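# Breakdown of the fold
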Amino acid sequence: MIDSFVMFITGFGGNTALVIVLFTLAVRLLLLPLSIKQARAAKIRMRLAPRMQELQKRHSRDPERLSKEMSALYAKEGTSPFAGFGPALAQMPFLWLMYQVATHPLIGTDLLGRHLAAVVAQYGLISWPVLAFAGVIVAIALIAWYTSRRMEAGQFKILKLLPYGTVIAAAVLPLAAGIYLLVSTAWTAGERRVLYPASLSAAT
């Protein structure tokens, strides 16, 4: 399967990076229903927030009862506290596939299959391959900052740091995977802009 996919994306006259971009867009389009469901769950959480606070006060000394009451409330609304993780988890197989593609012998010796450390070691710190890597990482960092600023008000600060995990990933993964992350995170930022009301996206 991996061999066939690599042969497919390398068979476009050297436009492998463009094929990766198009592949990423296709993946995100496929996952759009999950993203819509995630946005719906976020709106429900915002609406239920006052009732959740009331339950926490009422059952603060009985964690088991609190958990049951909260689960029942979520179930009544047709969602769960974990509904927001769907799109991220669903992307993992595709990111794994992109990593397998990047490390394949047909691409592994190309810039798209190289890690940042290897590129710096081969070309030096000031070189166009390193600048290409740096451009992707900086773009991902800017998108992560924007996404973090627009996350739900009242979320734990640690959750607002999660988007920056893609920056670390792009720095240690091959460039092909970095391109996938760049396009995917840009799509996510656009989705949040469209699907989430300002009250959900406001920064704390």
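What follows is about the overall build of the chain. Broken down by element type, the chain carries 12 helices and 0 strands. Helices and strands in the chain line up, N terminus first, as α-α-α-α-α-α-α-α-α-α-α-α. Taken over 204 residues, the chain has a buried fraction of 39%. Counting contacts in the chain only where the partners sit at least 6 residues apart, residues at least 24 apart contribute 72% of the total. Working note: accessible area of the chain is about 11,700 Å², and carbon and sulfur atoms make up 69% of it.

Taken together, the side chains of Leu18, Leu22 and Leu25 present a nonpolar region at the surface, about 260 Å² in accessible area. Positionally, Leu25 belongs in helix 2 (residues 16-30).

Counting 34 residues, the largest nonpolar core has Phe23, Met98, Val101, Leu112, Leu175, Tyr180 and Leu181 as the members making the most contacts within it. Dropping the residues within four chain positions of it, Leu181 is found in contact with Leu95, Ile140, Thr166, Ala169, Ala170 and Leu173. Core analysis: the second largest hydrophobic core is formed by 7 residues, Ile44, Leu55, Leu66 and Tyr74 among them.

A word on the environment of Val21. Positionally, Val21 belongs in helix 2. Classification of Val21 by relative accessible area gives partly exposed; the value is 24%. In the structure, Val21 is positioned 155 residues away from Ala176 in sequence and 9.4 Å away in space, judged by C-alpha atoms. Apart from residues lying up to four places away in sequence, Val21 is in contact with Ile179 and Val183.

Let us now look at the packing of aromatic side chains. Inspection of every chain in the model, using the stated rule, returns 2 aromatic pairs. An aromatic cluster of three or more residues is present, and its members are Phe23, Phe94 and Tyr180.

In this section: the pattern of salt bridges. Applying the stated criterion across every chain, the model contains 2 salt bridges. Its salt-bridge partner being Arg28, residue Glu191 comes within 3.3 Å of it at the nearest N-O pair. Residue Glu191 is located in helix 11 (residues 175-195), and its partner Arg28 is located in helix 2; the two are separated by 163 residues in the primary sequence. Overall, Glu191 belongs to the buried group, its relative accessible area being 9%. With a shortest N-O distance of 3.7 Å, Lys68 and Glu64 are connected by a salt bridge. Of this pair, Lys68 and Glu64 are both found in helix 4 (residues 63-76), 4 residues apart, which corresponds to roughly one turn of the helix. Exposure remark for Glu64: the relative accessible area of 55% places this residue in the exposed category.

Conventions adopted
- Residues numbered from 1 in each chain as written.
- Predicted model: local features only at pLDDT ≥ 70, side-chain atom pairs only at ≥ 80, totals over all residues.
- Heavy atoms only, no water.
- Helix = DSSP H or I, 4+ residues; strand = E, 2+ residues; numbered from the N terminus.
- Buried < 20%, exposed > 50% of the residue type's maximum accessible area, 1.4 Å probe, protein only.
- Contact = heavy atoms within 4.5 Å.
- Areas by Shrake-Rupley, 256 points an atom, 1.4 Å probe, with all protein chains shown as cover.
- Patch = residues over 30% accessible without salt bridge, like charges linked within 9 Å, V, L, I, M, F, W, Y side chains within 5 Å.
- Salt bridge = Lys/Arg side-chain N within 4 Å of Asp/Glu carboxyl O.
- Core = buried A, V, L, I, M, F, W, Y, C linked by side-chain atoms within 4.5 Å.
- Phe/Tyr/Trp six-rings, centres within 6.5 Å; stacked < 30°, edge-to-face > 60°.

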